[in-house]
Amino acid sequence: MKAVRISRIGGPEVLEIAEVPEPQPGPGFVRVANRAIGVNFHDINVRRGDEADTVLPVIPGTDFAGIVDAIGDGVEGIQLGARVVGIHTHGAYAEKSLVLAPLAVPIPDTLTFEQAAACPVAGLTAYFLAHQVVRIAPGTRVVAHAAAGSVGCFLGGLLRALGAFGIGLVSSDEKAEIARKAGYAHVVNYRALDPVGAVRELTGSTGADVVFDSVAGPAFTRSIEMAAVDGTVVLFGRAAGEPPAHAFEIWLRSRRNIAIRTYFLGTTLQAHLDAVPAAFQTLFDGLLSGTIFLPLETLHLEAAPSAHARIEAQQTVGKVILRP
């Protein structure tokens, strides 16, 4: 079968099309003939060598949707030919992928494979951030970095449904329009305005109750500065690199009783596997009803290097989907 493989660490150019053997489902697994593959920043981290457990060569990618074409021993409740979405630690950038049976979730007939493939990492992350990690109630003031990205768009719709006061941070006016459609009450272009000052102004000088930060890097201190007394900063990604060393000092000196916590979807999948089907159903319902607005850009599998390059350069919105 055709797949995208990484044999060495590097830039987008190390993503190479290769012919590889079809994976065979062991006990408890099913195999999916992929129709759509979601691209995530995690895939870029794998390519960069930022994921410590990666063993090369590897087929990157975690999110895929398609048709079940092989079933391992001991699997019940899944039929050949079923339309499913799957999530796995690797192997999505290929014509066929394996998934643990409990994580092969049926797709509604009215949902496209592309929509489904957008849901696993980005959608589940947004769902658990909004429904489990912190308490979001009507009126909760929430700031989301990268509000026009895939997690950001999912969050926008979920926060609006919960009645939160959502503030999206974006890097351009084009992305600001996407974030508004996604459901944020206010959107701040941080390249045109000071985001800390803008958040303070929008919240009546109080600050945000919750800041969802997937960017980190040198600007992570802004998340601390825009948090309210008793607020929470949730770090769930490092698109711009690790937080600076002095962030800890800024946090201590703030004296605003701010909580800083991390979030890793993989931990949730291990600890709360039974919550995944209901989470997917909420995401599917939101996409089908239009309460979740998520732009999709579909590319051929062979365009994976271009997809990575454009995501790293902040040239995309919503979700990039690859098709075999």
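For the structure, check the block above.
Nothing here was measured: the structure is a model prediction, and the numbers come from that model. (Residues numbered from 1 in each chain as written. Predicted model: local features only at pLDDT ≥ 70, side-chain atom pairs only at ≥ 80, totals over all residues. Heavy atoms only, no water.)

Focus: the sheet that holds strand β12 (residues 227–235)
For step 1, the next point in the chain: Spatial strand order, β10-β9-β8-β11-β12-β13: six strands in an open sheet with parallel pairing. Looking at strand neighbours, the two that pair on one side only are β10 (186–189) and β13 (259–262), the edges of this open sheet. Across the sheet, the mean angle from the axis of one strand to that of its neighbour is 20 degrees, orientation sign disregarded.
For step 2, the next point in the chain: Bridge count between strand β11 (residues 208–213) and β12: five bridges; the pairing is parallel. Looking across to β12, one finds that F212 is bridged to V234.
For step 3, the next point in the chain: Along the sheet, helix α5 (residues 173–182) contacts β9 (165–170) and β10; its crossing angle with β10, the most-contacted strand, is approximately 165 degrees. (Pairing = 2+ DSSP bridges. Helix = DSSP H or I, 4+ residues; strand = E, 2+ residues; numbered from the N terminus. Axes fitted to C-alpha atoms, helices over the stretch in contact; angles between N-to-C directions. Contact = heavy atoms within 4.5 Å.)

Brief notes about the packing of helix α3 (residues 119–133) against helix α10 (residues 276–289)
For step 1, the next point in the chain: The N-to-C vectors of α3 and α10 enclose an angle of 100 degrees; their axes lie 10 Å apart at closest approach. When the axes of α3 and α10 are compared, the pair comes out roughly perpendicular. Residues C119, P120, G123, L124, Y127 and F128 of α3 touch α10, and the partners they reach there are V276, A279, F280, T282, L283, F284 and L287.
For step 2, the next point in the chain: A class-by-class count of the residues in the contact of α3 with α10 yields eleven nonpolar, two polar and no charged. (Parallel < 35°, antiparallel > 145°, perpendicular 65-115°, else oblique. Nonpolar A, V, L, I, M, F, W, Y, C, P; charged D, E, K, R; others polar.)

With respect to unusual backbone geometry
For step 1, the next point in the chain: Put simply, L56 and P57 share a cis peptide bond, and its omega is -5 degrees.
For step 2, the next point in the chain: With respect to the helices and strands, P57 occurs in the loop between α1 (41–48) and β4 (63–71).
For step 3, the next point in the chain: A positive phi angle, near 55 degrees, is found at A216, a position not held by glycine.
For step 4, the next point in the chain: Here A216 shows up in the loop between β11 and α7 (220–225).

With respect to the environment of P27
For step 1, the next point in the chain: Following the sequence through the fold, P27 ends up in the loop between β2 (15–19) and β3 (29–38).
For step 2, the next point in the chain: Exposure remark for P27: the relative accessible area of 67% places this residue in the exposed category.
For step 3, the next point in the chain: As a C-alpha pair, P27 and A216 span 189 residues in sequence and 39 Å in three-dimensional space. (Buried < 20%, exposed > 50% of the residue type's maximum accessible area, 1.4 Å probe, protein only.)

Details of the packing of helix α4 (residues 150–161) against α5
For step 1, the next point in the chain: Where α4 contacts α5, the axes come no closer than 8 Å and their chain directions differ by 35 degrees. Contacts from C153, G156, G157 and R160 in α4 reach I178, K181 and A182 in α5.
For step 2, the next point in the chain: Residues that form the contact of α4 with α5 fall into these classes: three nonpolar, two polar and two charged.

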